[in-house]
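Chain by chain, the residues run as shown.
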Number of protein chains: 2
Amino acid sequence: MEKEGETLQAWKERLGQELDRVVAFWMEHSHDQEHGGFFTCLGRNGKVYDDLKYVWLQGRQVWMYCRLYRKFERFRRPELLDSAKAGGEFLLRYARVAPPGKKCAFVLTRDGRPVKVQRTIFSECFYIMAMDELWRVTGEARYKSEAVEMMDQIVHWVRKDPSGLGRPWLSGAPASESMAVPMMLLNLVEQLGEADKEMASKYAELDDWCAQRILQHVQRDGQAVLENVSEDGKELPGCLGRHQNAGHALEAGWFLLRHATRKGDPELRAHIIDKFLLLPFRSGWDPDHGGLLYFQDVDGLCPTQLEWAMKLWWPHSEAMIAFLMGYSDSGDPALLHLFYQVAEYTFRQFRDPEHGEWFGYLNRDGSVALTIKGGPFKGEWETGWGLGSSGNLVDPGPPNSPSRLSPQAASTCRGA
Amino acid sequence: MEKEGETLQAWKERLGQELDRVVAFWMEHSHDQEHGGFFTCLGRNGKVYDDLKYVWLQGRQVWMYCRLYRKFERFRRPELLDSAKAGGEFLLRYARVAPPGKKCAFVLTRDGRPVKVQRTIFSECFYIMAMDELWRVTGEARYKSEAVEMMDQIVHWVRKDPSGLGRPWLSGAPASESMAVPMMLLNLVEQLGEADKEMASKYAELDDWCAQRILQHVQRDGQAVLENVSEDGKELPGCLGRHQNAGHALEAGWFLLRHATRKGDPELRAHIIDKFLLLPFRSGWDPDHGGLLYFQDVDGLCPTQLEWAMKLWWPHSEAMIAFLMGYSDSGDPALLHLFYQVAEYTFRQFRDPEHGEWFGYLNRDGSVALTIKGGPFKGEWETGWGLGSSGNLVDPGPPNSPSRLSPQAASTCRGA
């Protein structure tokens, strides 16, 4: 018991120190003082190698800075808030491709002109995350109304009519659902409803809908989480249907654990731990080299994605949060030991002791494949908040208490 | 001299035997007897793991079968021609998303319903390749008119108005040119003009335009071939501008060598060998493990593509053709030795002695990353025709003759 407490305490300190290093890296290298917003294409030593601004990462960094400012005493620093606000203004001014239309670009030039548009909802999701957090730290209502209006638009695209996303209807395209969609929406429901009864009530039905849709991705008599299923929850044929993404399953897992806490449903919690934490870990952990494989085929066939056997930083960050939260919620020490296993691999393989921050992309054997610290899909988000959330979830008190997640810790968990 | 002749003769036999094995693999496993067309998602042992039909690969396999039938006595077999015709009918019936519009799908269901559409010209290019070859083997004029009408549509999209491709205009998107576009068009010019003075004359101006546009991709005082440049031939900023693809450069190289032969221009030939054969090989060949790296950044920075350091089969197939053709055209033994270097790596690393055909995707160290033999982007094309072209280019006669490319061999070279 005592030794467990010491190990936990040591991890809490390690997570905190690493968070400080990561935040320092982004504060030193990523701020665009001229146009606002953030450079995210950063080389190993932090040098900017491209000045394009990826909207996902702009929104996430604004969110992250606000969240740090709001939740951690030591990050309540004006330069974080100022940078977050400058990033928010950049998004307000430039993210939407054709205002008043809500569709956001995927990537902008440094000065905010649209370069590419994805026909999905994700830029818009991170726009909401940024705006809602800006509202929470500044109290300015215009941020909140931006967030809510965009949320209503996304819900319309997902549940009523996707035509505004720009994808043509094609007779051979299966009516499939990627788990990413209800997962992101569930995360937004939590974000918008935090300590806000009116919002929580507005999105209560959506909260349940998202959870039910995610749960449909448990297939094959409960033996696998599949990334894509039909809209009525059936397995799809071919590679699309057999595709597995352990990182997404684990991430969905801790979003669902938060949902189960909101619902006060311990049976659901046990189901989630079994299907979204333990199952993806068992199938996704590489027995030869350690680490989570990026993609798998549920029948054990070779995936067609070239990067399938690589190890990416973000599934590991999600797994750390998921296992700590599972442990906090259930008190099951097996989950704590899985956290240790993932965290040890992660700190050993992804962390760059020389220049700070984490490598994002390793070969199967754990060697570094890409030396970049930031790129089109990698920003401060998963490292920073993975560390922040995990650190706050660690409670080095007695490990067998029935629920170890304090309300304060729960509310600091980061979004998808 | 004599030893060189023996080595060449041995390679000619090896290439021929390997071609037979590859053709046998696809004939055994890929034919869809029910709907026509080809399964291309084939596992290591040839088993179909997905029945989607990728239009690039349908067009390429039709072309390949026709070309084998037309150019190799031993492949003049009715089952090749019948399968090619069934594939051609499948394309005629289903490839276009909304006939009479010309835009083709990227992927179809097994029974021909569109699943995805790319906003590029490449499905259409391979449709043309298939139709033109079908015309040449059957003499049926409807195939030729299909090819020419589609060609006119593509030229319109590329040179006049791209709006029919469906990409929205975005103010921040640079007016960039991917080398793939003039490269594919140059290849189509050669295809349509083969032994056809009327077609050669119709596309003579396009032939020159394509060559001039490709040559613009030589940048940095002749020290690098860049995959993307501005429309007026200037280097672009950021990762897009610094992107290099050695396989594309080598492939463009042998398309340009064919162009230089058409023009009877030995100075241009020397320039092409220097810039599109030797330069990409020098920068792209992995000094540690051998093989061509997939992508590079011209400044030596880390690319953002996860697969940048993998070894793919197709650049090696293109390199084999390019170096043999360069040798045939120039008689320079250095090029022959580069062919040997590439061919030895390729046969050692990509070939599957157990189940036939080649692996397509290796890790940097040469270990197999994906065991599939066919997938969304890998069909019979690059292995089969790389072997066929190379085999026909090998002339084990005296190595110092000024031009070693017979007209017959030249016309068998496969398209992009």
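Residues numbered from 1 in each chain as written. Chains lettered and ligands numbered in written order. Predicted model: local features only at pLDDT ≥ 70, side-chain atom pairs only at ≥ 80, totals over all residues. Heavy atoms only, no water.

## Examining the overall build of chain A
Helix and strand content of chain A: 15 helices and 14 strands. In summary, chain A has a C-alpha radius of gyration of 20 Å against a globular reference of 22 Å for 416 residues, a match within 12%. Taking all 416 residues of chain A together, the buried fraction comes to 63%. Across chain A, the fraction of contacts at a sequence separation of at least 24, relative to all contacts at a separation of at least 6, is 67%. Of the accessible surface of chain A, which amounts to about 15,300 Å², a share of 51% is contributed by carbon and sulfur atoms. Separation of charge centres in chain A, based on 49 positive and 57 negative side chains, amounts to 2 Å. (Helix = DSSP H or I, 4+ residues; strand = E, 2+ residues; numbered from the N terminus. Rg over C-alpha atoms; globule rule 2.2 N^0.38 Å. Buried < 20%, exposed > 50% of the residue type's maximum accessible area, 1.4 Å probe, protein only. Contact = heavy atoms within 4.5 Å. Areas by Shrake-Rupley, 256 points an atom, 1.4 Å probe, with all protein chains shown as cover. Lys, Arg positive; Asp, Glu negative; His and termini not counted. Charge placed at Lys NZ, Arg CZ, Asp CG, Glu CD.)

## Let's talk about the packing of aromatic side chains
Applying the stated rule across the entire model yields 44 aromatic pairs over all chains. Between A:W254 and A:F255, the aromatic rings sit 4.8 Å apart at their centres with planes inclined by 80°, giving edge-to-face as the arrangement. Given a relative accessible area of 1%, A:W254 falls into the buried group. Here a set of aromatic residues connected by ring pairs shows up, and it is made of A:Y54, A:W56, A:F106, A:F122, A:F126 and A:F377. For the cation-ring pair, A:R142 lies above A:Y143, with the distance from its terminal atom to the ring centre recorded as 4.5 Å. The ring of B:F126 carries B:R60 above its face, with NZ or CZ at 4.4 Å from the centroid. (Phe/Tyr/Trp six-rings, centres within 6.5 Å; stacked < 30°, edge-to-face > 60°. Lys NZ or Arg CZ within 6 Å of the ring centre and 35° of its normal.)

## Quick look at the interface of chain A and chain B
Facing 33 residues of chain A, the contacting portion of chain B comprises 34 residues. Of the roughly 2,600 Å² buried at the junction of chain A and chain B (both faces included), carbon and sulfur atoms supply 66%. Contact with chain B buries surface across chain A, with A:Y49, A:L170 and A:L306 losing the most and accounting together for 23% of the total. At the junction of chain A and chain B, the tally comes to 0 salt bridges. The interface formed by chain A and chain B includes 12 residue pairs in polar contact (both at pLDDT 80 or more). Taken together, the elements giving at least two residues each to the side of chain A that touches chain B come down to strand 2 (48-50), strand 5 (114-116), helix 9 (238-242) and strand 14 (368-370) of chain A. (Buried area = accessible area lost by both parts, 1.4 Å probe. Salt bridge = Lys/Arg side-chain N within 4 Å of Asp/Glu carboxyl O. Polar contact = N/O pair within 3.5 Å; in protein donor to acceptor, adjacent residues only side chain to side chain.)

## Topic: the relation of the copies chain A and chain B
For these two chains of identical sequence, chain A goes onto chain B by a turn of 180° and a shift of 0.0 Å along the axis, with RMSD 0.0 Å. Taken together, the rotation and translation describe the operation of a two-fold axis. Across chain A, the smallest distance between a C-alpha and the rotation axis is recorded for A:E307, namely 3.3 Å. (Least-squares fit on C-alpha atoms with pLDDT ≥ 70 in both.)

## Some details on the domain arrangement of chain A
For an interface, size is often stated in terms of accessible area lost upon the parts coming together. All names here are of chain A. Split by domain assignment, chain A resolves into domain 1 (52-164) and domain 2 (176-375). With both chains or domains summed, domain 1 and domain 2 bury close to 1,800 Å², and 63% of this area falls on carbon and sulfur atoms. When the area that domain 1 buries against domain 2 is broken down by residue, the three leading residues are R136, M151 and R159, summing to 32%. Here domain 1 and domain 2 share 6 salt bridges between them. For the salt bridge of R70 with E194, the shortest nitrogen-to-oxygen distance reads 2.9 Å. At the boundary of domain 1 with domain 2, the tally comes to 14 residue pairs in polar contact (both at pLDDT 80 or more). Put simply, the parts of the chain that give the side of domain 1 that touches domain 2 at least two residues each are helix 2 (55-71), helix 4 (122-138) and helix 5 (141-160). Of the residues in the side of domain 1 that touches domain 2, the class split is 15 nonpolar, no polar and 9 charged. (Domains from an automatic or database assignment. Nonpolar A, V, L, I, M, F, W, Y, C, P; charged D, E, K, R; others polar.)

## Re helix 3 (residues 78-94) of chain A
Helix length check: helix 3 of chain A (17 residues) gives 24 Å between terminal C-alpha atoms against 24 Å at 1.5 Å per residue, within 8%. Regarding helix 3 of chain A, the residues found buried are A:L80, A:L81, A:S83, A:A84, A:G87, A:G88, A:F90, A:L91 and A:L92. (Expected span 1.5 Å × (residues − 1).)

## Observations concerning the environment of A:E4
Residues and elements named next belong to chain A. Within the fold, E4 resides in helix 1 (residues 2-29). Residue class for E4 comes out buried when judged on its relative accessible area of 18%. Excluding residues that lie within four positions of it along the chain, E4 makes contacts with L336, H337 and Y340.

## Observations concerning the packing of helix 12 (residues 313-330) of chain A against helix 14 (residues 381-393) of chain A
All names here are of chain A. Relative to each other, helix 12 and helix 14 sit at 15°, their axes nearing to 9 Å. Taken together, helix 12 and helix 14 sit at an angle that is classed as roughly parallel. For the pair helix 12 and helix 14, the sense of crossing is left-handed. In this structure, helix 12 contributes W313, W314, S317, E318, M320, I321, L324, M325 and S328 to the contact, and helix 14 contributes E382, T383, W385, G386, S389, S390 and L393. (Axes fitted to C-alpha atoms, helices over the stretch in contact; angles between N-to-C directions. Parallel < 35°, antiparallel > 145°, perpendicular 65-115°, else oblique. Left-handed = near helix turned anticlockwise from the far one by under 90°.)

## Some thoughts on the packing of helix 1 of chain A against helix 2 of chain A
All names here are of chain A. At their nearest, the axes of helix 1 and helix 2 sit 13 Å apart, and the two run at 130° to each other. As the angle between them shows, helix 1 and helix 2 are arranged oblique. In this structure, helix 1 meets helix 2 at a crossing whose hand is left-handed. Here helix 1 contributes L19, V23, W26 and M27 to the contact with helix 2, which in turn contributes Q61, M64, Y65 and L68. Residues that form the contact of helix 1 with helix 2 fall into these classes: 7 nonpolar, 1 polar and no charged.

## Topic: the side chain of A:H31
Residue and element names in this part refer to chain A. Topologically, H31 is positioned in the loop between helix 1 and strand 1 (41-42). Among the polar contacts made by the side chain of H31, one reaches the side chain of Y65 at a distance of 2.8 Å. Only 3.1 Å separates the side chain of H31 from the side chain of S83, close enough to count as a polar contact. With residues near it in sequence (within four places) discarded, H31 still touches W26, G37, F38, F39, Y65 and S83.

## Describing helix 8 (residues 204-215) of chain B
Residue and element names in this part refer to chain B. Under the 1.5 Å per step criterion, the end-to-end length of helix 8 is 17 Å for 12 residues, consistent within 8% with the ideal 16 Å. Among the residues of helix 8, those classed as buried are L206, D207, W209, C210, A211, R213 and I214. Looking at the packing, one finds that the buried side of helix 8 touches helix 5 (141-160), strand 6 (176-178), helix 6 (180-193), strand 7 (218-219), helix 10 (246-263) and helix 11 (266-284).

## What about the sheet that holds strand 14 of chain A?
Residues and elements named next belong to chain A. Reading across the sheet, the 3 strands line up as 12-13-14 and stay open at both edges, with antiparallel pairing between neighbours. Lying at the two open borders of the sheet, with one neighbouring strand each, are strand 12 (311-312) and strand 14. Bridge count between strand 12 and strand 13 (residues 361-362): 2 bridges; the pairing is antiparallel. Paired with L312 across the bridge in strand 13 is Y361. (Pairing = 2+ DSSP bridges.)

## Some details on the environment of B:L268
All names here are of chain B. By secondary structure assignment, the location of L268 is in helix 11. Note on L268: relative accessible area 15%, which makes it buried. For L268 and L256, which are 12 residues apart along the polypeptide, the C-alpha to C-alpha distance reads 8.8 Å. Setting aside residues no more than four positions away along its own chain, L268 makes contact with L215, H259 and A260.

## Considering the sheet that holds strand 14 (residues 368-370) of chain B
The 3 strands are arranged 12-13-14 (chain B) in an open sheet whose pairing can be described as antiparallel. One side of each edge strand has no neighbouring strand; the edge strands of this open sheet are strand 12 (311-312) and strand 14 of chain B.

## Section: unusual backbone geometry
A:P99 connects to A:P100 through a cis peptide bond whose omega is 10°. Phi angles above zero are rare outside glycine, and B:A195 is one such case at about 50°. With respect to the helices and strands, B:A195 occurs in the loop between helix 6 and helix 7 (197-202). In the Ramachandran plot, B:R220 falls in the positive-phi region, its phi being about 55° despite a non-glycine side chain. According to the relative accessible area criterion, B:R220 is partly exposed, its value standing at 30%.

## Quick word on the pattern of salt bridges
All names here are of chain B. Evaluated as defined, the whole model comprises 74 salt bridges over all chains. Close ionic contact of D111 with R113 constitutes a salt bridge, the shortest N to O distance being 3.1 Å. Given the relative accessible area of 37%, R113 is considered partly exposed. In this structure, R262 and E190 form a salt bridge, with 3.0 Å as the shortest nitrogen-oxygen distance.

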